[in-house]
Amino acid sequence: MSLRVGYFPQNNSLWVLRHRGILERAVPDVEWVDLRSLPAGERPDPTRGLPSAHGDHLFDGGYDFIGTGSTPPVTAQAKGHDVVYVAVSGPRIENGRLVVREDSPVTSPADLKGRRIALGHGSWQTTLVLLALEKAGLNWSDIEPVDAYGNAAELFLKGDVDAWVGSYPYLTGVERRVPVRTVIETDGLFSHRSLWFTSRAFATKRRDELAAIVSALQESDAWVRQNPREAAELFASDDGGSLDAWEHALRTRPWGLLPVDDGFVAEQQHAADLFHANGLIERPVRVADAVLPEVNELV
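Figured I'd write up the structure that's included with this text. Here the structure is a predicted model, which is why all the values come from computation and not from measurement.

## Things to note about the environment of lysine 79
Topologically, lysine 79 is positioned in the loop between α4 (71–78) and β4 (83–88). Taking C-alpha positions, lysine 79 is 40 Å from glutamate 102, a pair spaced 23 residues apart along the chain. Those residues in contact with lysine 79 that sit more than four places away from it in its chain are Ser52, Asp56 and Arg283. For lysine 79, the side chain forms a polar contact with the side chain of serine 52, separated by 2.9 Å.

## A word on the packing of aromatic side chains
This model, assessed by the stated rule, comprises seven aromatic pairs. Centre to centre, the rings of tryptophan 15 and phenylalanine 235 are 6.1 Å apart; their planes meet at 35 degrees, and the pair counts as tilted. You can see tryptophan 15 sitting in helix α1 (residues 12–20) and its partner phenylalanine 235 sitting in helix α10 (residues 228–239), a full 220 residues away along the chain. Since its relative accessible area comes to 1%, phenylalanine 235 is described here as buried. Centroid distance tyrosine 170 to tryptophan 246: 6.2 Å. Interplanar angle 80 degrees. Geometry classified as edge-to-face. One end of the pair, tyrosine 170, is in helix α7 (residues 170–177); the other, tryptophan 246, is in helix α11 (residues 243–251), and 76 residues separate them in sequence.

## Overview of the sheet that holds strand β2 (residues 30–34)
In spatial order, the strands read β2-β1-β3-β10-β4; together these five strands make up an open sheet with mixed pairing. The open sheet has two edge strands with one neighbour each: β2 and β4. Neighbour-to-neighbour, the strand axes of the sheet open up by a mean angle of 25 degrees, direction not taken into account. By the bridge criterion, five bridges tie β4 to strand β10 (residues 195–199) in an arrangement that is antiparallel.

Reading the values: the criteria
Throughout, a residue's number is its position along its own chain's written sequence, starting from 1. Given that the model is predicted, a residue must reach a pLDDT of at least 70 before its local features are reported, and side-chain atom pairs must reach 80 or more before they are shown or counted; all residues, however, enter totals for whole chains, interfaces and linings. Note: side-chain values were computed over all heavy atoms of the structure, leaving out hydrogens and water. The helix count covers DSSP runs of H or I at least four residues long, the strand count covers runs of E at least two residues long, and both are numbered beginning at the N terminus. What makes two residues a contact is simply this: any of their non-hydrogen atoms within 4.5 Å. Side-chain atoms alone can form a polar contact between residues adjacent in sequence; in general such a contact is a pair of N or O atoms within 3.5 Å, and within protein one must be able to donate a hydrogen while the other accepts it. Only Phe, Tyr and Trp rings are paired, with Trp represented by its six-membered ring, and only when their centres lie within 6.5 Å; those with planes under 30 degrees apart are stacked, over 60 edge-to-face, the remainder tilted. Buried, partly exposed and exposed residues are distinguished by accessible area as a fraction of the type maximum, computed with a 1.4 Å probe on protein chains only: under 20%, between the cut-offs, and over 50%, respectively. Here, strands pair whenever DSSP counts at least two bridges between them. Angular values range over 0 to 180 degrees, each being the angle between N-to-C directions of two axes fitted as lines to C-alpha atoms, with helices fitted over their stretch in contact.

See the structure below:
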């Protein structure tokens, strides 16, 4: 039985692992599934739902293991999928934030009421905005979210949106073209971790393969930490982006896998509760149900 691993550039660790052949030393029959090649399905109205393709494909035979940001496993649980968290990264608070043009009248999260905000809906960016709105006494219905994962920076530069939740290295290019001002910092609001998850069936029945994945990711991440320039070449060659910008982005990110602890579970639960309260998922979820002590021991 082959091991199918879903990957894409946004989960930096799996992207590098895909290109270095480390996992294949322990599991020769690995099939790498580029998440960008899978059918995404119809995108939901960003005011009323969250996309769920990443979690759905884990349970329809698309792959056995996946790495994403914090939102997809919550969405998967809300769809009734029996997911298990495998590991998390350290906080990536320097990776992104919500910005406006320097001359914008928006100076605080409260000023976002009624504004058009470009974001990759269903990613960590949705969570960041929700947390900031909550602190400002606002709800998701108070803004106009623009689901613009692929062209958000372009919309921001053209002035078609009032604000943008950007991440590096893409923020670098925008900052070089127009003066921007930060309205929502990630630091102090949200840990913004990478994470890896699978199905309960895989976690319990194919433990040796799961252990091999964890070990390979740890080894690969250690290599990135020591060789950020070489790792950046793997990303820049895919999207045609700036090698220097990618190197800067990789140097500022945490590397290595951490077990899923109570602090992370609490943060995920808070986000899940906000998704439900704002009508983005149909039913509440209990994040702790997706944590297995025996999987944490692998990490």
